[in-house]
Every structure is written in C-alpha cells, then in structure tokens.
Amino acid sequence: MTTVHQILFGWAERDREGNAGVRPVAHSGAPTIDRWAGRLEYVWAAREGAHDDTDDTASLVHLVFEDEAAVLRKLPARNVHGRGGATLTHALVGDPRTIDARLALGLHDWDGWRETEPAGASAVLDPLDLADLSEAAATGLAGLRERAAGIPPEQLTALLGRVLGEPAADFTVITRPSLALPMMTALLDIVGPVTGRPWTFAGRESTDVGGHQPRVVFLTAPPPPSYYVNRRLRVEPATVPPDPDGPRFAGQLTELYLSCGHTALARIRPQHPLAGADDVAAWQRSVPVVDGRIAEPRLDLDVLVDDELLGTRGHLPTVHTRLAAELCYEPVDWLAAVVRRWGPDELRAVRHPDLRDIVLKGALRSCLGVLEPAADPLVEAIAAARPEPRTVAAAFRRRLPDGGLDLIDPQHLRLLVVALSLGLMDSELDRPETLAATPATVLVDFVADYGHRFPDAAYVVLRRWLGAAADRQDGHADVTHVWYENDLLLSQVERIADHDPVKERECYRVLLSAAYGPSLSTADATALMRHAGDRAPSGLLAAALERAADDSAEWPIRKEASDRYLREEGHRLDNGTRRPTAGPPAVSTDNASRPTTAPAPAPAPNPYPRQPPPAAEQAPDRPAPHLAPHPAIEPRPPVRPPGRPEEPGLFGRSDGTAFILVLAAAIVLILLAVAYILLTSRT
C-alpha cells in the first residue's frame, strides 16, 4: 500500500513562548512533519489578506518541493474568539510522482476533506491509501472536464496563447473562481507536460507574490501594487500574446478542445514535452488545418464495425497503416466494443487476421497508456480476446520507463498488473532492469497482494529481484517488518510452490536472506518459529536450518520440526506436558567429555520383584500370554536376592534335596519291578 499522510493546520493560541497563529493541530505521523510545518504554516496554510472576509469558499493548492508534493484545501475559518483572517488547511503529502496535478485537481470535491478541527481522540489522523485517492480523483477529474465546456473561449485562448509563447514560464491568471480549476484542467489536457518545473497551481488566491509560488496562480482581481520583483506572466481576458500566430493557433486548439474533448488533443499533441517556441512552431506545422480549423484526425473507422465496408476496403494497405497509427487514440469504450467484435472465434477475425492483429495492438497501446480505472472494460475485452504473448510483451516493453519499474508509483504498478492480466510472459520480468527501481519492501507487498492471482510472476519477483533489492538498499529490518505484517507470506508461497518442495524452499530461502541477511541468529530464529508456530511449512523449516548461524539457532527450528512430526503422527502436545522452548543442553568448554552436572544415581534393584500370577488365577476367558524370550536374549535362571535364605521345598527340605530323594525312590521301584518279572518267568 502506498501511503499518503495527512496534516491539519489550524489556529493555535499562544504557547509558553508567546507564539500564536496557524500551526499543525493534527497529523497522521508524517515522518517529515517538521519540514512541512516550516514550509506551509507561514505561507500557504495561512490566509493572506482576502478581499472579502465573509467569503467562505475553499481554495485548492498543489505544491511540489523537490522530492515531496502536497495537495492543500484551504477553508476560511475563525479562531476561538470569532476573529477571521485564518484558515483551516488540510494537507495531503507524499511522493511527487504520485501526487501530481491531475490527482490534485480530481480531489477538489473529495469527501474526506476536514471541515472542522478534530478534538480529543479524533485529533490523531490516519494515513490514507493512494489507490483510494486515485479512484476518487478519477471521478472528480471527469467532472472538471465536463465543466470545462463552460469556459469562455476568449479566456482559454488568452491563457493558451501566453503559455504557447513561453511554455517554461510561470503564470498568473485573473478570472472568476468558478473557472479556475476547469481552466487548469483544460491547460493540462491541451498543452500536456512541459520542461522545467512540473505543473502546479493555486486555485483561488489574493496575491501572486511570496516564496515558492506554483506555476499557475489564479486570482479573482488584479493584486495591489507591490515592490516585490515579480517575473510572472499575467493573463487577462484582453491580453494578446506578442506572437501574431499565437492567438490563431491557440484559438484553433481551444475550439477543438471545447468541441471534441481531451481525447482529440491527445491524438495531435507532440509525444515529447514542449520546451520552447520552436517546439510549438513544429507542433503547429504538423497539425492538419481545413478551412481555418484543425481537422480532427479521426479516420473512417467504420471498416472495423461494418462488415459490408470491410469487404470493400478491409484489404487496402493505406487503411491498415492509418488504423495502426490512430487506433490507440480512440475512446476506450468504443475500442473495447471493437475488440469484442474482433474476438478469436469471429468469422471476420479468421478472414482478416492482419486487421485483428492491428486492432489488438492498438488496444494494447491504449490500455497500457491510459492507466486509469476507466480503462478496465478495455482490459477485460482484450483479455477475453487472448492476444499473443509476444504482442503483449512488445506493448509492455514500449511502455517500460528507463531504469525499470518502481512499483511504489501507482502508474507503474497498474502497468505491470494490467500487462500480467493480459497474458504477459513471466520471462519478461526476468529481463534486466525490469524491476530494478523497486524497493525490497514494495516487492514483498506486491507478492502479498498478487501472489494468489499471478503465482508465476510472484515467483520471479522473489527469485530474481527481492534478494538483490534488499542487499542493494541495506533494508533488512524494513523487509522483516513488512514480511511479518503479511503473515510471512505463508498462503502466497503455498500458492506459488503448488506442492513443489524445491520451489517452496527456494521462496523461503530468498525471503530469509532479504529479511535477515546471510545468517539467522538465535533470537531471529526463535521469533520466526514463535510467529509461524504450528503453521510453519516444511520449506520454511528447511530454509531456516540452512540459514541458521550455529547450533543454538538451529535448536528452536529443530524443536518445531520434531513437534510437527509428533502432531502429524497423532500425538497431542497441548495437554500441559509440552516443554517450553529452550536451547540445547550446555556443554563444558573445558572438557567436552565431562558433563556439566553429576549423573543421577542408578535406582537400586527391587528385592521383592513382582511375580507373574499362576495360570490358574488368570481369567478363564483370557488365555495366558505367551512370553517367549527374544532370540537374541539367552534365558537366565532367576537370581536370588542377596541375604535371602533358600526357601524349603518338598518334605521340609530344600528343592535340590527333595529332587534327589524322589529320583532314588523311582530307581528302587524300577529295580524291584525288574526282579519280580525275572522270578516269575522262571517258575
């Protein structure tokens, strides 16, 4: 998420040093709050001599300070004593690449502007998401373009004539307050970017003197005389530019804009920013003029929507050339309808594949160039048409800025997301410098936001760019914070790996390197296992063991792995017997073979071992267990406990003596039986 911070300036009573006036009364934790306070509280956050103290109209201001930009809404207010002359100024501050003039103009009717000073707990403001602001600004900018149709043509012509005469100058425009913002919108739509400072503006001011004035300042009346040396060019309705061709060309541009809208100007405007009068003259020579008017360069595009005309003119090379050059400048809604009409299964697309290719190329150039939510229908239509991957890659490379994409810029992020939605090959992200300008933390956010939608692209981002970005910017701590905020990307990596253990391990190896560097300390390993808990996948455990700095760092990882194995085998570890996480047993450094503590004494043998019950005492319905000894264990006679006398056996004697007597008696009986048989046999 790209963050935009809020600062609210209001009237403050005297402090301990005796200072009173306008100062920050609430903010959202902007890291440069002191810098912004110094820039704004004495100049732009305070109302300087309004002509009518009863006027409560808010003024919109856009400022750029080197690497920071701000949008201000100044609302006339009164202090606690009812005295006027102060303002309640709400400022949105952030990156100038994202907070540009069009975003500032679109926020003119944003419903998030503060009307009163906060009190109590509401004095703490929340950071804003740039994506939400951009969506609101798109609607507001469209409304201003509709209001631009009511601008008096002579006022817009006077402003354009002066700007075309000196594109790099600063301007003061004297006009009605209701026309200020629509006129600034028209100026941006017609002239486009210029060299030097970016376009900035102040929508309703009482003077155009002071430090760090915007490029364009709108006044309701001429300012009073001042000794201040002012090099700004002032524009009034009766002002005529010194160049005699200026009013004619400016009037032609004004007429085309008011009649055909901003898309018509986009088709004839030069591709490079205007730097001076020579560029304006070259632009004027390149525009076709018919009967004193600029001919709108809209071709007879009915060949794409009329099958009868397609049959007669669809094969002409001149038609193909003009379509390829101008198709991308058509309105996105019309272009989306044409793309749907030329779908891959349509008969006309099969018969005229070259025209279908021209349609898709022009549509791709348009949707990758108009990076606004209004182009979403065109994106959906192109995705349904299934363009060739090489066609998408060619259009993407054409829009790729020098130095690569910086995904902190919403325009760059949308360019990548739209290209991936249209089928951009993952190998395009592996090209040199594609994401070289993106910080490591933003790459982690990209994987968190789009890992489920574009798993293959997210894998390339992790493998190719994340580790290099973290090492280049030395931002391991920031990466760790963002990684933990996104729940270690557990679900995203599972989607990326798709049951591939090698890919899963590689993803976590890169994340660990980006978050902790080449090795994982004991404290970091413990925190990682505590955060992942029993959700830690095997790939994370394996990668963490690889990055462990020593045995102590491996201990919490191995313990979590063993606990996980026991849980998978069906053993419960939540019955209160689970040991707390601890390090391995300490080993003496003096003598590794000597334990640090004395061994526990072996338990003494039981002098009265429990004898198994006789077979007669066992339950009749349960057979006696067969206790066969293990083959590797030899049976041994029972050992009599020491000091215990031999128990008496049969006839009160010991078991050995009784056995001998019985054996002797048996032998005597046998001998008697033999003698009896011999005697009886003789008789």
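The following refers to the structure shown. (Residues numbered from 1 in each chain as written. Predicted model: local features only at pLDDT ≥ 70, side-chain atom pairs only at ≥ 80, totals over all residues. Heavy atoms only, no water.)

A word on the overall build of the protein. For the protein, the count of helices and strands is 25 helices and 12 strands. When burial is assessed residue by residue, the protein has 42% of its 683 residues classed as buried. For the protein, contacts bridging at least 24 residues in sequence account for 68% of all contacts bridging at least 6. As presented, the protein carries roughly 37,700 Å² of accessible surface, and 54% of it is formed by carbon and sulfur atoms. (Helix = DSSP H or I, 4+ residues; strand = E, 2+ residues; numbered from the N terminus. Buried < 20%, exposed > 50% of the residue type's maximum accessible area, 1.4 Å probe, protein only. Contact = heavy atoms within 4.5 Å. Areas by Shrake-Rupley, 256 points an atom, 1.4 Å probe, with all protein chains shown as cover.)

Turning next to helix H20 (residues 490-497). Listed in full, the buried residues belonging to H20 are Leu490, Gln492, Val493, Ile496 and Ala497. All buried residues of H20 project into a common sector of 160° when viewed along the axis, lining one side. At the C-terminal side of H20, Asp498 shows a positive phi close to 55°. (Arc of directions from axis to C-beta.)

Okay, the packing of helix H11 (residues 332-341) against helix H14 (residues 376-385) next. Interaxial distance between H11 and H14 falls to 8 Å at its minimum, and their mutual angle equals 15°. Taken as axis vectors, H11 and H14 run roughly parallel relative to one another. In this structure, H11 meets H14 at a crossing whose hand is left-handed. Within the contact between the two elements, H11 uses Val332, Leu335, Ala336, Val339 and Arg340 and H14 uses Pro377, Leu378, Ala381, Ile382 and Ala385. Residues belonging to the contact of H11 with H14 are distributed by class as follows: nine nonpolar, no polar and one charged. (Axes fitted to C-alpha atoms, helices over the stretch in contact; angles between N-to-C directions. Parallel < 35°, antiparallel > 145°, perpendicular 65-115°, else oblique. Left-handed = near helix turned anticlockwise from the far one by under 90°. Nonpolar A, V, L, I, M, F, W, Y, C, P; charged D, E, K, R; others polar.)

What follows deals with the nonpolar core. Counting 90 residues, the largest nonpolar core has Val339, Cys367, Leu378, Leu416, Leu466, Trp483 and Leu528 as the members making the most contacts within it. Residue contacts for Trp483: discarding those within four places in its chain leaves Val444, Leu488, Leu489, Tyr508, Leu511, Leu512, Ala515, Tyr516 and Leu528. Counting 60 residues, the second largest nonpolar core, distinct from the first, contains Val4, Ala101, Ala158 and Val280. (Core = buried A, V, L, I, M, F, W, Y, C linked by side-chain atoms within 4.5 Å.)

Okay, unusual backbone geometry next. Even without being a glycine, Glu433 presents a positive backbone phi close to 70°. Relative to the assigned elements, Glu433 resides in the loop between helix H16 (410-421) and helix H17 (440-450).

Our next topic: the side chain of Ser513. Mapped onto the elements of the fold, Ser513 is located in helix H21 (residues 501-516). In this structure the side chain of Ser513 is engaged in a polar contact, spanning 3.0 Å, whose partner is the backbone oxygen of Arg509. (Polar contact = N/O pair within 3.5 Å; in protein donor to acceptor, adjacent residues only side chain to side chain.)

Taken together, the buried positions of helix H1 (residues 33-40) are Ile33, Trp36, Ala37, Arg39 and Leu40. Around the axis of H1, the buried residues are gathered within 165° of arc, so they sit on the same side. When the buried face of H1 is taken as reference, the exposed residues oriented beyond 90 degrees from it are Asp34 and Gly38.

In this section: the pairing of strand E8 (residues 201-205). Within E8, five of the five residues are buried, which leaves the element mostly enclosed by the surrounding structure. As paired elements, strand E3 (residues 59-65) and E8 share two bridges and run antiparallel to each other. Residue pairing in the sheet places Val61 in a bridge with Ala202 of E8. Two strands pair when backbone bridges link them, and E8 and strand E9 (residues 216-219) are joined in this way by three bridges, in the parallel orientation. Across the sheet, Phe201 pairs through a bridge with Val216, a residue of E9. (Pairing = 2+ DSSP bridges.)

What follows is about the environment of Leu512. With respect to the helices, strands and loops of the structure, Leu512 is situated in helix H21. Distance from Leu512 to Ala544, taken between C-alpha atoms, is 7.3 Å for residues 32 residues apart in sequence. In this structure Leu512 touches Trp483, Gly517, Leu528, Leu540, Ala543, Ala544 and Arg547, once residues within four positions along its chain are discounted.

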